[in-house]
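Listed here are the chains, written in short residue letters.
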Amino acid sequence: MELQVPPSDGGYELSVVDMHTGGEPLRVILSGYPAEIPGDNLLSKRRHVRENLDHLRRALMFEPRGHYDMYGALLVPSELPEADIGVLFMHNEGYSTMCGHAVIALGRFALDYKLVKEPRSPETQVNIHCPCGLVKAFVEYSNGKTGGVRFHSVPAFAFATDVSVTVEGFGEVVVDISYGGAFYAFVSAQRFGLDVSQSRTRDLVDAATAVTKAVKSQVKLHHPTSEDLAFLYGTIITDGNDAYSSEPTANMCVFAEAQVDRSPTGSGVTARIALQHHRGQIGLNQTRAFRSGATGSEFTGKAVQETTCGDFKAVVVEVAGRAFYTGVSRFVRENDDGLSNGFLLK
């Protein structure tokens with residue numbers, strides 16, 4: 001039987017390409033949004049989508065079309081002449097400013113879907129304009145096929161170290177806060193009597209969520225270039241092995257509305273390396289493997305350049321990984337479907 005779109009009564013239709021990077025899903029939206037998103041720049045487009053088109057995010061991220069931990073990317077025009085594509089990221093709570101696993105997937109996608117006019121072997125650069133700034137991806141390319149992707153993110157920096165916060169259920173907890181395109185709090189799983197790779201996911205999520213809530217209420221963040229970037233995206237629970245080693249170090253990121261990243265978290269790796277470099281635990285061009293506590297998948301990362309971000313000493317971090325395609329879908333909405341705009345089970 002030939003695949004065809006079912007009959008509908010005038011509701012919208014949405015088409016997507018589904019991918020994953022290290023187990024973390026990415027739903028690339030091909031159609032269904034307005035052809036033009038108003039806004040003079042990417043951050044203003046992000047605000048417009050959040051304020052006027054959020055029903056489409058819910059339709060694609062939430063059940064019955066998505067799930068609690070779905071992640072999406074909407075391609076939009078960029079105001080930067082050097083950008084190949086612009087992108088808005090979305091998840092179960094709203095819209096993020098940076099997403100490394102998505103950048104890795106979008107690097108492949110941009111070449112495979114002919115968004116870059118002249119791919120070059122053995123590697124093609126793809127400039128991806130994210131809400132946090134321009135990110136440069138480098139995609140393996142040979143004989144028309146794409147492979148692994150590495151990217152250089154925006155300047156990353158340690159915002160604050162050894163910050164004591166009062167966490168409900170756990171008392172005083174000392175965390176570090178670092179920026180890798182988004183702000184994260186970092187804390188070792190051992191503080192909660194947990195193992196990032198062996199403990200129940202629910203227990204790790206509960207601890208991370210409690211830390212995120214505490215930091216949001218007790219620590220004021222700021223970013224040198226835009227207040228749109230000055231919010232805590234989530235908490236990353238680590239194995240505590242921060243000193244440089246040839247052995248992988250594991251972590252699990254819990255972000256947005258207690259959403260669990262299946263990958264090692266590209267922007268989290270960026271922020272963690274910035275933190276390690278700040279503490280003198282890793283030098284320039286020392287490659288470290290980062291393993292997901294959820295799936296065991298790995299990214300590599302290294303600080304490749306020292307720089308600044310406002311008054312902060314910063315580094316440019318390179319993160320590398322692999323993304324894969326999982327499917328192509330066309331979703332419909334029927335006007336009399338009371339659940340068509342999506343729902344979540346918590």
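My aim in this report is to walk through the structure given alongside it, one point at a time. Position numbers for residues count from 1 along each chain, tracking the sequence in the order it is written. Where local features are concerned, this predicted model is filtered to residues with pLDDT of at least 70; where side-chain atom pairs are given and counted, the filter is 80 or more; whole-chain, interface and lining totals use all residues. Note that water and hydrogens are dropped before the side-chain values are worked out from all heavy atoms of the structure.

Turning next to the packing of aromatic side chains. What counts as a ring pair is set by centres within 6.5 Å for rings of Phe, Tyr and Trp (its six-membered ring), and what kind of pair is set by the plane angle: stacked under 30 degrees, edge-to-face over 60, tilted for all other angles. Evaluation of the coordinates by the stated rule reveals 13 aromatic pairs. When the centroid spacing of 5.8 Å and the interplanar angle of 55 degrees are considered together, the rings of Y184 and Y233 count as tilted. Here Y233 lies in strand β11 (residues 232-238) and Y184 lies in strand β10 (residues 183-188), a separation of 49 residues in the sequence. Burial status follows relative accessibility: with a 1.4 Å probe on protein chains alone, a residue under 20% of its type maximum counts as buried, one over 50% as exposed, and anything between as partly exposed. Since its relative accessible area comes to 7%, Y233 is described here as buried. Directly above the aromatic system of F138 lies the positively charged group of R150, at a separation of 4.3 Å from the ring centroid. Helix and strand definitions follow DSSP, with helices as H or I runs of at least four residues and strands as E runs of at least two, each counted in order from the N terminus. Put simply, a charge is over a ring when the Lys NZ or the Arg CZ is close to the ring centre, within 6 Å, and near the line of the ring normal, within 35 degrees.

Attention now goes to the state of the cysteines. Defined by distance alone, a disulfide is two cysteine sulfur atoms within 2.5 Å. As enumerated under the stated definition, the model contains 0 disulfides in all. Of the cysteine sulfurs around C130, a residue in no disulfide, the closest is that of C132, at 5.1 Å. On the basis of relative accessible area, C130 is assigned to the buried category, the value being 0%.

Here a salt bridge means any side-chain nitrogen of Lys or Arg lying within 4 Å of a carboxyl oxygen belonging to Asp or Glu. Inspection of every chain in the model, using the stated rule, returns 17 salt bridges. Among the salt bridges present, the one from R150 reaches E123, with a minimum N-O distance of 2.8 Å. Pair noted here: R150 is in strand β7 (residues 145-152) and E123 is in strand β5 (residues 123-130), with a separation of 27 residues, a long-range link. On the accessibility criterion, R150 (23% relative accessible area) is partly exposed. Assessed through its relative accessible area of 31%, E123 is described here as partly exposed. In this structure, D162 engages R279 in a salt bridge whose closest nitrogen and oxygen atoms are separated by 3.3 Å. Residue D162 is found in strand β8 (residues 157-167), and its partner R279 is found in the loop between α5 (266-278) and β14 (288-292); the two are separated by 117 residues along the sequence. Connected through shared salt-bridge partners, D54, R57 and R58 make up one network.

Here we come to the environment of F299. Summarising the element assignment, F299 is placed in strand β15 (residues 298-309). Measuring from C-alpha to C-alpha, the distance between F299 and A137 comes to 14 Å, with 162 residues separating the pair along the chain.

Mapped onto the fold, K45 is located in helix α1 (residues 42-52). This count recognises Lys and Arg as positive and Asp and Glu as negative, with His and chain-terminal groups excluded. It turns out K45 is buried and unbridged, and the closest side chain with the opposite charge, E79, is 5.4 Å from it.

Before going further, it helps to spend a moment on unusual backbone geometry. Looking along the chain, the bond that leaves E63 and enters P64 is cis, with omega of 5 degrees. In this structure, P64 sits in the loop between α2 (54-61) and β3 (72-76). Each neighbour pair has its own omega, and for S121 with P122 the value is 5 degrees, a cis peptide bond. Notably, D162 is not glycine yet its phi reads approximately 55 degrees, a positive angle.

This next bit is on a negative patch on the surface. Each patch is built from salt-bridge-free residues with over 30% relative accessible area, joining like charges within 9 Å and nonpolar side chains (Val, Leu, Ile, Met, Phe, Trp, Tyr) within 5 Å. We get accessible surface area from the Shrake-Rupley algorithm with a probe of 1.4 Å; when it comes to residues, only the shown protein chains can shield them. Here the site of a charge means NZ on Lys, CZ on Arg, CG on Asp, or CD on Glu. A surface patch of like charges, here negative, comprises D9, E334, D336 and D337. One can find D336 in the segment after β17 (323-332).

The next subject is the environment of A160. Its location among the elements puts A160 in strand β8. For the pair A160 and I177, spaced 17 residues apart in the sequence, the C-alpha separation amounts to 5.2 Å. The contact partners of A160, leaving out residues within four places of it in the chain, are D176 and I177. Throughout, a residue-residue contact means that at least one pair of heavy atoms, one from each residue, lies within 4.5 Å.

Attention now goes to α1. Buried residues of α1: L42, L43, S44, K45, R46 and V49, and no others. For the purposes of these results, a polar contact is taken to be a pair of N or O atoms within 3.5 Å, where, inside protein, one atom must be able to donate a hydrogen and its partner to accept one; residues adjacent in sequence count only when each atom of the pair is a side-chain atom. Backbone nitrogen of L43 and a side-chain oxygen of the N-cap are separated by 3.2 Å at the start of α1; the cap is N41.

Moving on to helix α3 (residues 100-112). When the terminal C-alpha atoms of α3 are compared, their 19 Å separation across 13 residues agrees well with the 18 Å that a helix rising 1.5 Å per residue should span. When you tally the buried positions in α3, you get 12 out of 13 residues, the bulk of the element. For α3, the complete set of buried residues consists of G100, H101, A102, V103, I104, A105, L106, G107, R108, F109, A110 and L111. In the segment just after α3, K114 is the residue with positive phi, at about 60 degrees. By this rule the span expected of a helix is its residue count minus one, scaled by 1.5 Å.

In plain words, nonpolar cores are sets of buried Ala, Val, Leu, Ile, Met, Phe, Trp, Tyr and Cys residues tied together by side-chain atoms within 4.5 Å. Judged by nonpolar contacts, the single largest core of 91 residues is most densely connected at F89, V103, L106, I128, C130, V175 and V215. Not counting the four nearest positions on each side in its chain, V103 is found in contact with F89, M98, I128, C130, V135, A137, V149 and F151. Counting 21 residues, the second-largest nonpolar core is a separate cluster that includes Y33, I37, L60 and M90.

Keep in mind that these numbers describe shape and distance, not what the molecule does.
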